[in-house]
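Coordinate inspection notes
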2 protein chains.
Amino acid sequence: MIYKNLDQANEAVIAKITDAQPFLIDVVPAKTVIKELEGRVLLHAGPPIRWEDMTEPMQGSCYGASIFEGWASTKEEAEKLLSEGSITFIPCHDVDAVGPMGGITSGNMPVLVVENREHGNRAYCTLNEGIGKVLRFGAYGDEVVNRLHWIKDVLGPSLSKALGKMHEGMNLGVIVSKAITMGDEFHQRNIAASALFMKDIMPYLLEAEIPHKDLRQVSKFLADTDQFFLNIAMAYCKSVMDAAKSIGEGTIVTAMTRNGNEFAIKVSGLGDRWFTAPVNMPKGLFFTGYTQEDANLDMGDSAITETFGVGGMAMIAAPGVTRFVGADGMGAAMEISDEMEEISVGHNQNLAIPTWDFKGALVGIDVRKVVETGITPLINTGIAHREAGVGQIGAGTVRAPYDCFAKALEGLVEKYASEEDN
Amino acid sequence: MIYKNLDQANEAVIAKITDAQPFLIDVVPAKTVIKELEGRVLLHAGPPIRWEDMTEPMQGSCYGASIFEGWASTKEEAEKLLSEGSITFIPCHDVDAVGPMGGITSGNMPVLVVENREHGNRAYCTLNEGIGKVLRFGAYGDEVVNRLHWIKDVLGPSLSKALGKMHEGMNLGVIVSKAITMGDEFHQRNIAASALFMKDIMPYLLEAEIPHKDLRQVSKFLADTDQFFLNIAMAYCKSVMDAAKSIGEGTIVTAMTRNGNEFAIKVSGLGDRWFTAPVNMPKGLFFTGYTQEDANLDMGDSAITETFGVGGMAMIAAPGVTRFVGADGMGAAMEISDEMEEISVGHNQNLAIPTWDFKGALVGIDVRKVVETGITPLINTGIAHREAGVGQIGAGTVRAPYDCFAKALEGLVEKYASEEDN
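Residues numbered from 1 in each chain as written. Chains lettered and ligands numbered in written order. Predicted model: local features only at pLDDT ≥ 70, side-chain atom pairs only at ≥ 80, totals over all residues. Heavy atoms only, no water.

Residue and element names in this part refer to chain A. Sheet analysis places strand E13 (residues 344–353) next to strand E14 (residues 359–365), joined by six bridges and oriented antiparallel. Looking at the pairing, Ile 353 lines up with Lys 359 of E14. Linking two consecutive strands that pair antiparallel, namely E13 and E14, is a turn of five residues; a positive phi of about 55° is found at Asp 357 within it. (Pairing = 2+ DSSP bridges. Helix = DSSP H or I, 4+ residues; strand = E, 2+ residues; numbered from the N terminus.)

Rendered as structure tokens:
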């Protein structure tokens, strides 16, 4: 390799992360930027998975997407198509995309386009659907599908026009560095970033040629959607971590994701190879009427936020979230961040955390450190009902399983041992 | 008195504070709600003061207000009117109002109308003028006066229309309790509350009949003005502390304010009597090109925020602000809040502070405790240039002078001693 040693390779990976310049530049139908979405194709969260292996909420999302696309008009029709194999599945991660929870993305869904100006790459993510019944948690009724149509017809095009009025798109680093001082960790809590996003985009929405009725609906939706920024944060982190991956060397985790079945990671020295292990069950707080018994296994590409160094890796930034995810206030949040520090290479001073005495957010989960210490990344996550159609029932935390890090380390040993041989 | 003892009286005062229900209900020209503003009258911050005793930045604000009102067309004309005594001065606090820095308020300036639904009283404050040259810091040039006209003609009426579309006004308690979990202390830092305010009002601005051009300007102004909520917070706190004052007994501070010359407090047991002492010089960080030498003495009604229990009294909620005001991160912020706890009666659980392990903001500065411990309230404050016309040159902290608390305690001793005699 061109680096003197693994630490030097990791430094290059870290530089790609801390130097990144992600801008939100547009919102467009997914199929216009992801050519793989031609025909009957769905993207999903996590590493590759077959229809029959998907947990129910991910299957529920597939029903909803099939109805939204007009491939089926009922759940039963959709189920037939899906189980007879007439719909192709591709992981979001394989096509520069990420998706929350089920991650189910179809061609006509609008996606956020985030461009990392430092590296020149782009990443995509669907728009946050707001509160109530939502596709990403496995709901697929009329409410869900109608809202997807509104997002396609009104929200997406309006945001696209507003972003078009911005000189060079929206500099997401500015929002992220502000919001981390405002109690957001960008996975379970995005209230500050969402409000800042709305604040920043409103003048441009008003400058663009958008019907007044649409403006009213869009402003109401943005005002009501405290997690709106989550999907932007995901595309942001994906654009950064794909740039980091391009270094092609080192022991830094460049992706973490789950498909409800397997947890999977990628490592900087091993390109696009997935290292998997069975996912864990998230623990946390449940909405009234639901218990741990109802919870689905962990899923979603949203752990890209932890891969980048926020979410559960930045718990200390979000003391307000610690109770919601089952931790106990400042002390517990500090303990988690101190623990996560042990498996990280450094701090990202672009993201100074006041509650951590202005130390930067963590950066660079080192596979070697995870295996050495036995400490696995902590992920803040939403919890879906195990049955299709119900939706979100709570939120909590989940640990990445140790085994995928152990397997990745074996892969790294093989690679670098054989390089030494040559 | 009707209470068994001072502690019980103080409990009644505290209940008025914690039970308060302030709603922002309208924005109207000051003269329509403050009848004292008929003719050539200006309100000012702090206890009563004569023109010749005002420091230069407050005088600068008077020039600007006189030009804005059309009483004068130049600084020189304004100066003549002011120095010959043709303009009457009234403290904001005397007419249910508060004003930041100079606090200069004239009849045609729009004011926020905050109604405390629990007690039925109202409080008023001018709108935040945004960034750059502003009247409150003593600037009075064309830029300042033109913006005051825009605030009068566009911003005020637009907000009024939007608030009119809300069912019962804007529940400020909701914004304040959210924003204190987002790093705001509502004096030096209002970025979260301002963003939440904009998020909440935008859908109503779009629902109201407001020309599109005005909507664009208003949304741009709100998006650019991170301290917009400060003035709302001030009216909020004033409406609460005036209700607390109505108890008429006890040893709780119900107002703290400064006129650039004197620092003054009111105490729950002694109604509207001011207890004064010379103000201190604020210390902090200065904008490039300015130093402590350029600083004006402390001024403004904004210390009503500390009286209520936020601002410097809630430093731990805003670790992001500690560096800006000269303190040193979490440790220093915690020390300040722990110190302020010693002079306060309790905690306000409506304002749970995550960074303080969800302890509520402090409530009820007890004059007895201040005198006993020698600890005086710490106030976060903007710093004006000592010369009229320059404006803000920094921000920092300042201590309330001990003497006004000592004098107030003497007043309380006299009152309650004579009551015992009867």
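All names here are of chain B. A volume near 420 Å³ is recorded for the second largest pocket. What lines the second largest pocket is a set of 21 residues, and nearest its centre among them are Arg 136, Phe 137, Gln 188, Gln 227 and Gln 392. Counting residues domain by domain, the lining of the second largest pocket receives three or more from each of domain 1 (21–232) and domain 2 (248–421). (1 Å grid on protein atoms, 1.4 Å probe; cavity = no way out; pocket = protein on both sides within 12 Å on 5 of 7 lines; lining within 4 Å. Points joined across faces, edges and corners; volume = space filled by probe spheres on them. Domains from an automatic or database assignment.)

A word on the sheet that holds strand E9 (residues 262–267) of chain A. Residue and element names in this part refer to chain A. Strand order in the open sheet made by the four strands is E10-E9-E8-E12, with antiparallel pairing throughout. Where the open sheet ends on each side, the last strands, each with one partner, are strand E10 (275–278) and strand E12 (299–300). Relative to E12, strand E8 (residues 253–259) is paired through two bridges, and the arrangement is antiparallel. Among the inter-strand pairings, Asn 259 is bridged to a residue of E12, identified as Met 299.

Residues and elements named next belong to chain A. Among the residues of helix H6 (residues 172–179), Leu 172, Ile 175, Val 176 and Ala 179 are the ones counted as buried. Projected down its long axis, H6 carries its buried residues within an arc of 95°, all on one side. Two to three positions downstream of the cap, the backbone nitrogen of Gly 173 sits 3.2 Å from a side-chain oxygen, assigning the N-cap of H6 to Asn 171. (Buried < 20%, exposed > 50% of the residue type's maximum accessible area, 1.4 Å probe, protein only. Arc of directions from axis to C-beta. Polar contact = N/O pair within 3.5 Å; in protein donor to acceptor, adjacent residues only side chain to side chain.)

Here we come to the pattern of salt bridges. Taken as a whole and judged by the stated rule, the model has 46 salt bridges over all chains. One salt bridge connects Arg 136 of chain A with Glu 129 of chain A, and the closest N-O pair in it is separated by 3.7 Å. On the basis of relative accessible area, Arg 136 of chain A is assigned to the buried category, the value being 12%. Given the relative accessible area of 8%, Glu 129 of chain A is considered buried. Between Asp 366 of chain B and Arg 368 of chain B there is a salt bridge, with its nearest N and O atoms 3.0 Å apart. On the basis of relative accessible area, Arg 368 of chain B is assigned to the partly exposed category, the value being 24%. Linked by salt bridges that have partners in common, Lys 238, Asp 242, Lys 245, Lys 266 and Asp 272 of chain A make up one network. (Salt bridge = Lys/Arg side-chain N within 4 Å of Asp/Glu carboxyl O.)

Next up on the list: the interface of chain A and chain B. Each partner contributes residues to the interface: chain A has 33 residues there, and chain B has 34 residues. Interface of chain A and chain B: buried area, both sides summed, is about 2900 Å²; carbon and sulfur atoms make up 68% of it. Counting the surface chain A buries against chain B, the share from its top three residues, Lys 199, Leu 206 and Phe 358 of chain A, is 22%. On the surface where chain A and chain B come into contact, there are two salt bridges. Its salt-bridge partner being Lys 199 of chain A, residue Asp 226 of chain B comes within 3.5 Å of it at the nearest N-O pair. Counting every contact that joins chain A to chain B gives 10 residue pairs in polar contact (both at pLDDT 80 or more). When contributions to the side of chain A that touches chain B are tallied by element, the ones reaching two or more residues are helix H7 (191–207), helix H8 (212–224), helix H11 (319–322) and helix H12 (330–341) of chain A. Of the residues in the side of chain A that touches chain B, the class split is 15 nonpolar, nine polar and nine charged. (Contact = heavy atoms within 4.5 Å. Buried area = accessible area lost by both parts, 1.4 Å probe. Nonpolar A, V, L, I, M, F, W, Y, C, P; charged D, E, K, R; others polar.)

Moving on, we come to the nonpolar core. Judged by nonpolar contacts, the single largest core of 212 residues is most densely connected at Phe 197 of chain A together with Phe 197 of chain B. The residues contacting Phe 197 of chain A, other than those within four sequence positions of it, are Leu 24, Leu 159, Met 170, Ile 175, Leu 222, Phe 228, Phe 229 and Ile 232 of chain A. (Core = buried A, V, L, I, M, F, W, Y, C linked by side-chain atoms within 4.5 Å.)

What follows covers the relation of the copies chain A and chain B. Two copies of a chain can be linked by a rotation about an axis combined with a shift along that same axis. Of the two same-sequence chains, chain A is brought onto chain B (RMSD 0.0 Å, axial shift 0.0 Å) by a rotation of 180°. The two molecules are tied by a two-fold rotation axis, judged by turn and shift. Taking C-alpha positions as reference, the residue of chain A nearest the rotation axis is Met 182 of chain A, located at 2.1 Å. Of the interface residues in chain A, 100% have counterparts in chain B that sit at the interface too, so the contact is made through matching surfaces. (Least-squares fit on C-alpha atoms with pLDDT ≥ 70 in both.)

Packed helix pairs are characterised by how far apart their axes lie and by the angle those axes make with each other. All names here are of chain A. It is at 8 Å that the axes of helix H5 (residues 142–165) and H7 come closest, and there the two elements cross at 85°. As summarised for this structure, H5 and H7 are arranged roughly perpendicular, according to the angle between their axes. Across from Ser 158, Leu 159, Ala 162, Leu 163 and Lys 165 in H5, the residues of H7 making contact are Phe 197, Ile 201, Tyr 204, Leu 205 and Glu 207. Split into classes, the residues belonging to the contact of H5 with H7 amount to seven nonpolar, one polar and two charged. (Axes fitted to C-alpha atoms, helices over the stretch in contact; angles between N-to-C directions. Parallel < 35°, antiparallel > 145°, perpendicular 65-115°, else oblique.)

Residues and elements named next belong to chain A. For chain A, the assigned domains read domain 1 (20–232) and domain 2 (248–421). Taking the mean C-alpha position of each, domain 1 and domain 2 sit 22 Å from one another. Across the boundary between the two partners, domain 1 contributes 39 residues, which contact 51 residues of domain 2. Taking both sides of the interface into account, the surface hidden between domain 1 and domain 2 amounts to around 3200 Å²; carbon and sulfur atoms contribute 64%. Area buried by domain 1 at its contact with domain 2 is led by Phe 137, His 187 and Gln 188, which between them contribute 21% of it. Secondary structure elements with two or more residues in the side of domain 1 that touches domain 2: helix H3 (56–69), strand E4 (97–98) and H6.

For the rest of this paragraph, the subject is unusual backbone geometry. A positive phi is found at Asp 96 of chain A, a non-glycine position, where the angle reads about 65°. By the secondary structure assignment, Asp 96 of chain A is in the loop between strand E3 (88–91) and E4.

Residue and element names in this part refer to chain A. Direction vectors running N to C along helix H1 (residues 6–18) and helix H9 (residues 228–245) enclose 155°, while the axes themselves pass 8 Å from each other. Looking at the two axes, H1 sits roughly antiparallel to H9. Note that H1 runs across H9; the crossing there is right-handed. Contact with H1, carried on its side by Val 13, Lys 16 and Ile 17, involves Val 240, Met 241, Ala 243 and Ala 244 of H9 and no other residues of that element. Its residues assigned to classes, the contact of H1 with H9 comprises six nonpolar, no polar and one charged. (Left-handed = near helix turned anticlockwise from the far one by under 90°.)

Another point: the packing of aromatic side chains. Scanning the model with the defined rule gives 14 aromatic pairs over all chains in all. Both rings, one in Trp 150 of chain B and one in Phe 221 of chain B, keep their centres 5.1 Å apart while their planes meet at 55°; by these two values the pair is tilted. Pair noted here: Trp 150 of chain B is in helix H5 (residues 142–165) and Phe 221 of chain B is in helix H8 (residues 212–224), with a separation of 71 residues, a long-range link. Members of the aromatic cluster, each reached through a chain of ring pairs, are Trp 150, Phe 197, Phe 221 and Phe 228 of chain A. Positioned above the aromatic ring of Phe 23 of chain A, the side-chain terminus of Arg 117 of chain A is 4.3 Å from the ring centre. (Phe/Tyr/Trp six-rings, centres within 6.5 Å; stacked < 30°, edge-to-face > 60°. Lys NZ or Arg CZ within 6 Å of the ring centre and 35° of its normal.)

Residues and elements named next belong to chain B. With respect to the secondary-structure elements, Tyr 140 resides in the loop between strand E6 (121–126) and H5. Taking the C-alpha atoms as reference points, Tyr 140 and Gly 391, separated by 251 residues in sequence, lie 9.0 Å from one another. If we skip the residues at most four places from it in the chain, Tyr 140 touches Gly 60, Tyr 63, Gly 64, Ile 67, Lys 75, Val 145, Ala 388 and Gly 389.

All right, on to the environment of Val 27 of chain B then. Residue and element names in this part refer to chain B. Along the polypeptide, Val 27 turns up in strand E1 (residues 22–29). As a C-alpha pair, Val 27 and Ser 158 span 131 residues in sequence and 8.8 Å in three-dimensional space. With near-sequence residues (within four places) excluded, Val 27 lies in contact with Pro 110, Val 111, Leu 112, Leu 127, Gly 156, Leu 159, Ser 160 and Leu 163.

Each turn of an α-helix holds 3.6 residues, which means side chains three or four residues apart point in the same direction. Here helix H12 (residues 330–341) of chain B spans 16 Å end to end across 12 residues, near enough to the 16 Å set by a 1.5 Å rise per residue. Contacts made by the buried residues of H12 of chain B are with H12 of chain A together with helix H11 (319–322), strand E13 (344–353), strand E14 (359–365), strand E15 (378–384) and strand E16 (392–399) of chain B. (Expected span 1.5 Å × (residues − 1).)

The next point concerns the sheet that holds strand E15 (residues 378–384) of chain A. All names here are of chain A. Taken together, the three strands give an open sheet; going across it, the order is E11-E16-E15, and neighbouring strands pair in antiparallel fashion. Both outer strands of the open sheet, strand E11 (283–286) and E15, are each paired with one neighbouring strand and no more. On average, adjacent strands in this sheet sit at an angle of 20° to one another, irrespective of strand direction.

Below, the discussion takes up the environment of Val 98 of chain B. Looking at where Val 98 of chain B falls in the secondary structure, it is placed in strand E4 (residues 97–98). When sequence neighbours within four positions are dropped, the list of residues in contact with Val 98 of chain B reads Cys 92, His 93, Tyr 124, Cys 125, Thr 126, Met 234, Ala 235, Lys 238, Asp 301 and Ile 304 of chain B.

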